[in-house]
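As a plain string of letters, each chain reads:
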Amino acid sequence: MKGKEYKQVNGWLEMEDVEREEIFSFNKDYAEFLDDYRTEREFVKGAIGLLEAEGFKNLEEFTELKKGDKFYKVNRDKAILAAIVGEKPLEEGLRIVGSHIDSPRIDLKPTPLYEDSELAYFSTHYYGGIKKYQWVSIPLALHGVVIKEDGTKVEINIGDKEGDPVFYISDLLPHLGKDQMAKKMSEGITGEQLRLIIGSIPARKKDGEEKDSGKKVKSAVLDYLFEEYGISEEDLISCELQIVPALKSRDVGFDRGLLAAYGHDDRVCSYPALRAILDVENPVYTAMVLLVDKEEIGSMGNTGMQSHFFENTVAEMVNLTYENYSDLLVRKTIENSKCLSGDVNAAYDPNFPEVYAKDNTPYLGKGVVITKYTGARGKGGSSEATAEFVAEIRGLFNNAGVIWQTGELGKVDQGGGGTIAQFLANYNMDVLDCGPAVLSMHAPYELVSKVDVYNTYLAYQVFLEK
Ligand code: MN
Ligand code: MN
């Protein structure tokens, strides 16, 4: 045989009509999930629903673990793992798909509520790497929880349901925008300017009140928050309210081949991972899907990938599996594991050809992307996968008919990024980044190809099963 050229292929061309239908139906489910579960807490809730419907039970309910057992474990309502016990002994390692369920967004400041010029505002602090100018003059929703002093949890979810009001951050009209338009794009809208308009109708003077406080709109908002949710201004100090775009997922293009939505990064990996473990049957190794928080700010904290949640759970699994628990068994289980780190790559954008190396970049529609290394400035910060593991995975995908491609994030020295891969690799397990490519990553409304979403699911399923 003559030397064979490697070529990325367009996934749609590889698909029969039946498979096209499967792609559209999978993406319809995905789009609905995206619209229903918009934050990490909501994702966890949605995941528990799907897992329990397929017979997964909380790990707390088990007194021992044996082949075929299906369980999940939740960390602080913001991270979740699900697993199916495989045929091989646990200490031979897990097959893990790990990804994150937090997305770039805007959070509130510790004391957010104030009034300015008879408008009520929440002051904010953005979360993750956003281009601030993209978040103004679009409809915004508020999702999250307020925890009262006595521990009562109040859930707030406004802006996405039919008939709900939305919230808004203003931008300057072009007529007065001369100075603003001359600024660098990174300075056209500042972090402090991302203040959310939440009210405009002043409170009427209350009975017996001599004179008003001068903050009548703020006072009306406080009255509303108390009447509707029973919360006070101080309660907002212990809240996790997140401002997300109030935009529903929509098909894009005459042919509906693309899907636009808020927060594809990284629910476009987390949802296929979840669906994959729901559909896995009799895995050879113990299959695990690990969905974590805080990736967008460095995987820090007790709900991020750097927390001990994962290894503590493995210790628990070892304890429920073996007669005699040992630390060595825990370490062996972890070290013998293999992992696909599910995260997105940057799809080639013909609008900005200058930042991509055309022959080493992923494209929309050409399948799930395996990314051997991430990082910036000479692979800095990357946990680069070994050539051996990359070979194993492409063999696996080729045999299973998964459509995949490879590439790196942009041109050398153009920028870069990281994923949770490095934190899993620190355990001395094999890890490879693997997920679809996205257009307009971290924008309020991101774009993916449906054929890539579906192949991401296929890739994770075959990896978890074999
Ligand atoms: Mn990501
Ligand atoms: Mn990201």
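Residues numbered from 1 in each chain as written. Chains lettered and ligands numbered in written order. Predicted model: local features only at pLDDT ≥ 70, side-chain atom pairs only at ≥ 80, totals over all residues. Heavy atoms only, no water.

Details of helix H7 (residues 309-321)
And then number 1: Compared with an ideal rise of 1.5 Å per residue, which puts 13 residues at 18 Å, H7 spans 18 Å between its outermost C-alpha atoms and is within 8% of the ideal.
And then number 2: When H7 is considered as a whole, its buried residues turn out to be Phe309, Phe310, Thr313, Val314, Ala315, Met317, Val318 and Leu320.
And then number 3: Structurally, H7 contributes buried residues whose contacts are with strand S2 (70-75), strand S3 (79-84), strand S4 (94-100), strand S13 (286-292) and helix H8 (327-335). (Helix = DSSP H or I, 4+ residues; strand = E, 2+ residues; numbered from the N terminus. Expected span 1.5 Å × (residues − 1). Buried < 20%, exposed > 50% of the residue type's maximum accessible area, 1.4 Å probe, protein only. Contact = heavy atoms within 4.5 Å.)

Points about the pattern of salt bridges
And then number 1: If you walk through the whole model with that rule in mind, you get 24 salt bridges.
And then number 2: Linking Arg105 and Glu40 is a salt bridge whose minimum nitrogen-to-oxygen distance equals 3.2 Å. Placement of the pair is Arg105 in strand S5 (residues 105-116) and Glu40 in helix H2 (residues 40-53), with a sequence separation of 65 residues. Of the two residues examined, Arg105 and Glu40, each falls in the buried class.
And then number 3: We note a salt bridge from Glu192 to Lys109, for which the minimum N-O separation is 2.8 Å. Remark: Lys109 occurs in strand S5 and Glu192 occurs in the loop between helix H4 (185-188) and strand S9 (196-199); sequence separation between them is 83 residues.
And then number 4: Glu192 sits in the exposed class, given a relative accessible area of 56%.
And then number 5: One salt-bridge network, held together by shared partners, links Glu40, Arg105 and Asp107. (Salt bridge = Lys/Arg side-chain N within 4 Å of Asp/Glu carboxyl O.)

Comments concerning the nonpolar core
And then number 1: Among the nonpolar cores identified, the biggest contains 58 residues, and Leu51, Ile277, Leu340, Phe397 and Leu464 are the most heavily contacted of them.
And then number 2: Those residues in contact with Leu464 that sit more than four places away from it in its chain are Arg95, Ile96, Val97, Ala276, Ile277, Val280, Pro283, Tyr285, Ala287, Met288 and Val289.
And then number 3: Counting residues in hydrophobic clusters, the runner-up holds 34 residues, among them Val154, Ile156, Cys239 and Ile243. (Core = buried A, V, L, I, M, F, W, Y, C linked by side-chain atoms within 4.5 Å.)

Examining a negative patch on the surface
And then number 1: On the surface, a cluster of negative charge is contributed by Glu16, Asp17, Glu21 and Glu22.
And then number 2: Of note, Glu16 is situated in the segment before helix H1 (17-36). (Patch = residues over 30% accessible without salt bridge, like charges linked within 9 Å, V, L, I, M, F, W, Y side chains within 5 Å. Areas by Shrake-Rupley, 256 points an atom, 1.4 Å probe, with all protein chains shown as cover. Lys, Arg positive; Asp, Glu negative; His and termini not counted. Charge placed at Lys NZ, Arg CZ, Asp CG, Glu CD.)

Details of the domain arrangement of the chain
Think of interface size as the accessible area that goes away when the parts come together; that is how it is often given.
And then number 1: Parsing the chain into structural domains produces domain 1 (11-103 + 262-465) and domain 2 (105-245).
And then number 2: The straight-line distance from the C-alpha centre of domain 1 to that of domain 2 is 34 Å.
And then number 3: Each partner contributes to the interface: domain 1 provides 19 residues, whereas domain 2 provides 18 residues.
And then number 4: Summed over both sides, the interface of domain 1 with domain 2 buries roughly 1500 Å², with 45% coming from carbon and sulfur.
And then number 5: Of all residues in domain 1, Arg38, Arg41 and Pro444 give up the largest surface area on contact with domain 2, accounting jointly for 33% of the area buried on that side.
And then number 6: Linking domain 1 with domain 2 are six salt bridges.
And then number 7: Our count for the domain 1 to domain 2 interface comes out at twelve residue pairs in polar contact (both at pLDDT 80 or more).
And then number 8: Residue composition of the side of domain 1 that touches domain 2, by class: four nonpolar, three polar and twelve charged. (Domains from an automatic or database assignment. Buried area = accessible area lost by both parts, 1.4 Å probe. Polar contact = N/O pair within 3.5 Å; in protein donor to acceptor, adjacent residues only side chain to side chain. Nonpolar A, V, L, I, M, F, W, Y, C, P; charged D, E, K, R; others polar.)

Describing the coordination of the manganese ion (ligand 2)
And then number 1: Here the manganese ion (ligand 2) is held by Asp265 (OD), Glu296 (OE), Glu296 (OE) and His442 (NE2), and the distances to it run 2.0 to 2.5 Å.
And then number 2: In terms of primary sequence, the donors binding the manganese ion (ligand 2) are separated according to D-x30-E-x145-H.
And then number 3: The metal-metal distance between the manganese ion (ligand 2) and the manganese ion (ligand 1) comes to 3.3 Å, with Asp265 coordinating both. With Glu296 in the loop between S13 and H7 and His442 in the loop between strand S21 (437-438) and strand S22 (446-449), this pair connects stretches of sequence that are 146 residues apart. Across the pair, His442 and Glu296 agree in class, each one buried. (Donors = N, O, S within 2.8 Å, 3.2 Å for Na, K, Ca; no water.)

Overview of the coordination of the manganese ion (ligand 1)
And then number 1: On the protein side, the manganese ion (ligand 1) has His100 (NE2), Asp265 (OD), Asp343 (OD) and Asp343 (OD) as donor atoms, found 2.1 to 2.7 Å from it.
And then number 2: Between consecutive donor residues of the manganese ion (ligand 1), the sequence gaps follow H-x164-D-x77-D.
And then number 3: Residue class for Asp343 comes out buried when judged on its relative accessible area of 8%.

Things to note about helix H5 (residues 216-229)
And then number 1: Its 14 residues give H5 an end-to-end C-alpha distance of 19 Å, which sits within 8% of 20 Å, the value for a rise of 1.5 Å per residue.
And then number 2: Listing the buried residues of H5 in full gives Val217, Lys218, Ser219, Ala220, Val221, Leu225 and Tyr229.
And then number 3: In the stretch just after H5, Gly230 is the one whose phi turns positive, near 70°.

Examining the packing of H1 against helix H6 (residues 264-279)
Helix packing geometry: the angle between the two helix axes and the distance between the axes.
And then number 1: Orientation of H1 relative to H6, taken along the N-to-C sense of each, is 120°, at an axis distance of 11 Å. In terms of their interaxial angle, H1 and H6 are classed as oblique. With respect to the hand of their crossing, H1 and H6 are arranged in right-handed fashion. Two secondary-structure elements touch here, H1 through Phe26, Asp29, Tyr30, Phe33 and Leu34 and H6 through His264, Arg267, Val268, Tyr271, Pro272, Leu274 and Arg275.
And then number 2: Tallied by class, the residues present in the contact of H1 with H6 amount to eight nonpolar, one polar and three charged. (Axes fitted to C-alpha atoms, helices over the stretch in contact; angles between N-to-C directions. Parallel < 35°, antiparallel > 145°, perpendicular 65-115°, else oblique. Left-handed = near helix turned anticlockwise from the far one by under 90°.)

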